[in-house]
Each structure stands twice: as C-alpha cells, then as structure tokens.
Amino acid sequence: MTVIFFSRQFAWPLRTGASVHAGNMMKSLARLGRRILLVTEGDLNPEAQSWLQGVTTIRLQPELYSGEGLVGFGALEKKGIGYIGASPAGIAAFRDFVRMEKPQGVVAVGMDSLPYLRDIPRDIRKAWYVADDPLLAQWSGTTRTNFRMFITQAVYQRIFKGSVDGTWLVSDRDAWWNRWISGGSNPIVIPNGVDLGAFSTAKSKENRIDKSCCFWGNLGFPPNRDALNFFLSGPWKKVVAEIPDAEFWIAGSEISEELRSSLAKASGVRYLGEVSDIRESFSNIPIAVFPFQTGAGIKNKVLEAAAMSKSVLLSKRASNGLRGNWGNAMQLVVNESDWAESLMKRMRNSENTEIEGRDARAWVESNHSWDSSARIADHFLAYGSASKRK
C-alpha cells in the first residue's frame, strides 16, 4: 500500500507538534511495510531526510504551475485558501502528483494543508492529520482575538469538510469537539506516541539536583507561555519561600522580552534558552512540571518526560489524551496551593521521586507506542474506519 503524506514545510529540528507526530507516524507505517512518500512545497533539511528512515521524500515544483488558477473552486473555497495562505500553484502541483502516483491514501498534515485534499480523486482515501482540534485550542483562550479566530477557523473547516474522509485527532476530547462543534468529518482518535529509544532513562544519581524541576517548549506558543506565567506568579513563589535553594530549569525558543524579564526576576529560575538536546540539558533534573491552563491535544513533552523517567506533575488540561492508568505514574495537580505542596514534597524525598520516575517510564512504554498508533492509522487507510485501540 502506498500512502502520501503532505506537509507544506516539514519543520526541522523537531520543534513543532505537527512534525513530531507526522514524522513518527510515517516511520512507524514504513516499519509496517507500507510505501510512504512525504511531499513538501519547501526544501527538506538533510538531517530530516536522514531521520525519516524508510520514507521517500519529494519536493513539489509549484513554480511550474504559477499561471494556473483554482479551476472548479467556489468563491468560499478560494477565500478559505487565501485565509490559510495556501498556494494555488502548490494545490495544482500536488493534485497532479497524486494522480500520477495513484496511492491508496493521502494524509494532509496541519491546518494549512486541508485545501490540498480538495482536488484529490474520490477513490483515494483522504485523511486530515490535524492532531489537536483547532477550535478547542482557540476556545481555551479568553481574548476577543481568540474568539474571532474561533469563528474564522470554524468556517474554514466547514468549507473543506467534504474533501476529507477522516480527521485524525489525538484525544477523545479533541474528537468530540471536532464532531459536534467543528463539524468535522469522521473524527478518528490516534494517540501520540513517544520515541522510547531516543528518550532514554540514563541519568547520574551523583550529579542529580534533587531540589529542581524543569519545563521546555516553544515559549512563543501561547499555551506554553500561559503555563509559565501561571506557575511563576503563584506556585513557584511559594516553593522558593519554603526551599530557597530550589531551582526551576527552563528551555525554549521564541521567548518574548516580557517573559524573559519575568524569568530574570524570578528566584531560582535558570533559563537555558534554546537547547539542542533536552535529554542532555535536563538529564539530572528529576522532576518535570506541566501546569497548562490553555491549549488542546496531547502534550508531547509529558510523554517525553515520562520516557526520561522523570517524576511528572501535570494539570488537568495537560492530561488530555493520556491512555491507561496514568494516575499511578504521574501526579494530577488541581489548584495553585497543590502545585506548591506537591512539588515541595518531591524535592524533599528523592527516593520516592526516583520511584515515580520509574513508574512513569513503565506507564508510557505500555500505553504510548508509535507502532500501536500506526496500526490504527493503517486500518483507516485500508478500510476507512478506526481499529479498536489496544
């Protein structure tokens, strides 16, 4: 079976959720024996090509279609294409490539890829791999800008609803929103996995900083920024008042000057900037905190922390989409005072923290394998429906 994945630009290094879930899904489907092609509009980083083992990568040539208009597209569809910034020439180039290859399935990755499914022949199964429901993510904010984006994205999704045979989402909550609020087409839940080999458990007890915790991510991404602002404004102040030598290690790119200033003023905070490898940078930090207040989907960093055998504290929103009995492996924290108490408890008891880390690793090994998720996707591509999760 041949499956074409389309991403306008496959981001490298793996800093975006779209590249993480699409890249690992492609590699896992290739291990199942499927012929997987990744088609992009932009050039692919050579390191990304090397990482995508078993995947054939192809760059479109939309410049050859520069004079072609959107033949057969309605006025609303053209507005939707303009809103998302899709390339009419790229849509035409992708259409012809798919017709030439005649795959069994086509998977469009990310918000801006949806219009590219519009002209794909009906006998080819089409999936939109959006992962996090966009409207749920917008609804979690409270600003007027978020509300305007909510309405705009709702219209955009409904315009192209007929182009999709199935929408791939990472959690039951995202799927519910997609079906009943977004008006999506056949939502299929495919949980994210984690690269268990890459995120190893090796760490040095001798160099471990017991009274420390960590957080990482794109700090320009609103849910990450909101999480840090919440944590620093309340829980962390209580922690350093009780444990003056406590340390909070943070790594991430695209930080605003406002947030940078807040980190510089906060006691015990060590901002590392953008790091090349969080595994190395945080190898001796035993606790990971994920105090998310906004956003949607599965938080990949929660799975990564569990795979690295860290003791994990997370908010209700950060637990979205987690599988299995994770409550025995990680600590759900509900309010501000609980955040401080739960973190101080772990900083003061390194032995229990180490046990929690081992439990987290065992849980993620059992419940979030990319190969298991790939089997769900493979079943949809072959039969048009989701197989039962195991």
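It should be emphasised that the depicted structure is a prediction, and the values quoted were computed from it without experimental measurement. (Residues numbered from 1 in each chain as written. Predicted model: local features only at pLDDT ≥ 70, side-chain atom pairs only at ≥ 80, totals over all residues. Heavy atoms only, no water.)

J.: Honestly, the sheet that holds strand β3 (residues 55-59) in this entry has me stumped. Any pointers?
T.: Strands pair in a sheet through their backbones, by hydrogen bonds, and they do so in one of two ways: parallel or antiparallel. Strand order in the open sheet formed by seven strands is β3-β2-β1-β4-β5-β6-β7, with parallel pairing between adjacent strands. Every interior strand has two partners, whereas the edge strands, β3 and β7 (187-189), have only one. The sheet shows a mean angle of 25° between the axes of neighbouring strands, direction not considered. In this sheet, strand β5 (residues 125-131) lies alongside strand β4 (residues 105-109) in parallel orientation, the contact comprising five bridges. Bridging across to β5, A108 finds its partner in W128. Where helix α7 (residues 172-180) meets the sheet, its contacts fall on β5, β6 (166-169) and β7, and the angle it forms with β7 comes to roughly 180°. (Pairing = 2+ DSSP bridges. Helix = DSSP H or I, 4+ residues; strand = E, 2+ residues; numbered from the N terminus. Axes fitted to C-alpha atoms, helices over the stretch in contact; angles between N-to-C directions. Contact = heavy atoms within 4.5 Å.)

J.: Is there a simple way to think about the packing of aromatic side chains in this case?
T.: Using the criterion set out here, one finds 16 aromatic pairs in the structure. Judged by centre distance (5.6 Å) and plane angle (45°), the rings of W12 and W51 are tilted. Placement of W12 in the loop between β1 (2-7) and α1 (17-31) and of W51 in helix α2 (residues 46-51) is noted, with a sequence separation of 39 residues between them. Ring centres of W216 and F282 lie 5.7 Å apart, and the angle between their planes is 40°; on these two criteria the pair is classed as tilted. Pair noted here: W216 is in strand β8 (residues 212-216) and F282 is in the loop between α11 (278-281) and β11 (287-290), with a separation of 66 residues, a long-range link. Linked through ring pairs, F215, W216, F282, F290 and F292 together constitute an aromatic cluster. (Phe/Tyr/Trp six-rings, centres within 6.5 Å; stacked < 30°, edge-to-face > 60°.)

J.: Help me out: how do you make sense of the pairing of β3 in this one?
T.: A regular strand places its side chains on the two faces of the sheet in alternate fashion. Inspection of the sheet shows strand β2 (residues 35-40) paired to β3 by five bridges, in the parallel sense. Paired with L38 across the strands is T57, a residue of β3. For the segment spanning β2, α2 and β3, crossover handedness is right-handed. (Right-handed = clockwise from strand over helix to strand, strands pointing away.)

J.: In this structure, what is going on with helix α8 (residues 222-233)? I would like to understand it.
T.: It helps to recall that an α-helix has 3.6 residues per turn; residues three or four apart then point in one direction. The end-to-end C-alpha distance of α8, which contains twelve residues, comes to 16 Å, matching closely the 16 Å that a straight helix rising 1.5 Å per residue would cover. Listed as buried for α8 are P223, N224, A227, L228, F230, F231 and L232. (Expected span 1.5 Å × (residues − 1). Buried < 20%, exposed > 50% of the residue type's maximum accessible area, 1.4 Å probe, protein only.)

J.: What is the right way to look at the environment of V109 in this model?
T.: Its place among the elements puts V109 in strand β4. It is 19 Å that separates the C-alpha atoms of V109 and Q138, two residues lying 29 residues apart in sequence. Those residues within four positions of V109 in sequence are excluded, and the remaining contacts are F5, F6, S7, A18, H21, A22 and Y129.

J.: How do you make sense of the sheet that holds β11 when you look at a structure like this?
T.: The six strands lie next to each other as β10-β9-β8-β11-β12-β13, forming an open sheet whose pairing is parallel. Of all strands in the sheet, those with a lone pairing partner are β10 (269-271) and β13 (331-332), marking the two edges. Across two bridges, the pairing between β8 and β11 is parallel. The residue bridging C213 from the neighbouring strand is I287, located in β11.

J.: How should the pairing of β4 be read in this particular structure?
T.: For β4, the tally of buried residues reaches five of five residues, placing the bulk of the element in the interior. Along β4, one buried face is formed by G105, V107 and V109 and the opposite face, lined by V106 and A108, is buried too.

J.: Would you mind going over the pattern of salt bridges with me for this structure?
T.: It is possible for side chains bearing opposite charge to pair when their charged atoms get close. Enumeration according to the criterion identifies 23 salt bridges in this entry. Close ionic contact of R8 with E41 constitutes a salt bridge, the shortest N to O distance being 3.0 Å. Note that R8 is positioned in the loop between β1 and α1 and E41 in the loop between β2 and α2, a separation of 33 residues in sequence. When the shortest N-O distance is used, the salt bridge between E354 and R208 registers 3.5 Å. Within this pair, whereas E354 is found in helix α14 (residues 350-367), its partner R208 is found in the loop between β7 and β8, the two being separated by 146 residues in sequence. Where salt bridges share partners, they join E77, R95, D96, R118 and D119 into one cluster. (Salt bridge = Lys/Arg side-chain N within 4 Å of Asp/Glu carboxyl O.)

J.: Please explain the side chain of S87 as it appears in this structure.
T.: Summarising the element assignment, S87 is placed in the loop between α3 (75-84) and α4 (88-101). The buried category is assigned to S87, whose relative accessible area is 19%. For S87, the side chain forms a polar contact with the main-chain nitrogen of G90, separated by 2.8 Å. Not counting residues up to four positions away in its chain, the partners in contact with S87 are R8, E41 and Y116. (Polar contact = N/O pair within 3.5 Å; in protein donor to acceptor, adjacent residues only side chain to side chain.)

J.: Is there a simple way to explain the side chain of S319 in this structure?
T.: Locating S319 in the fold gives a position in the loop between β12 (311-314) and β13. Apart from residues no more than four positions distant in its own chain, S319 is found in contact with L314, W326 and L332.

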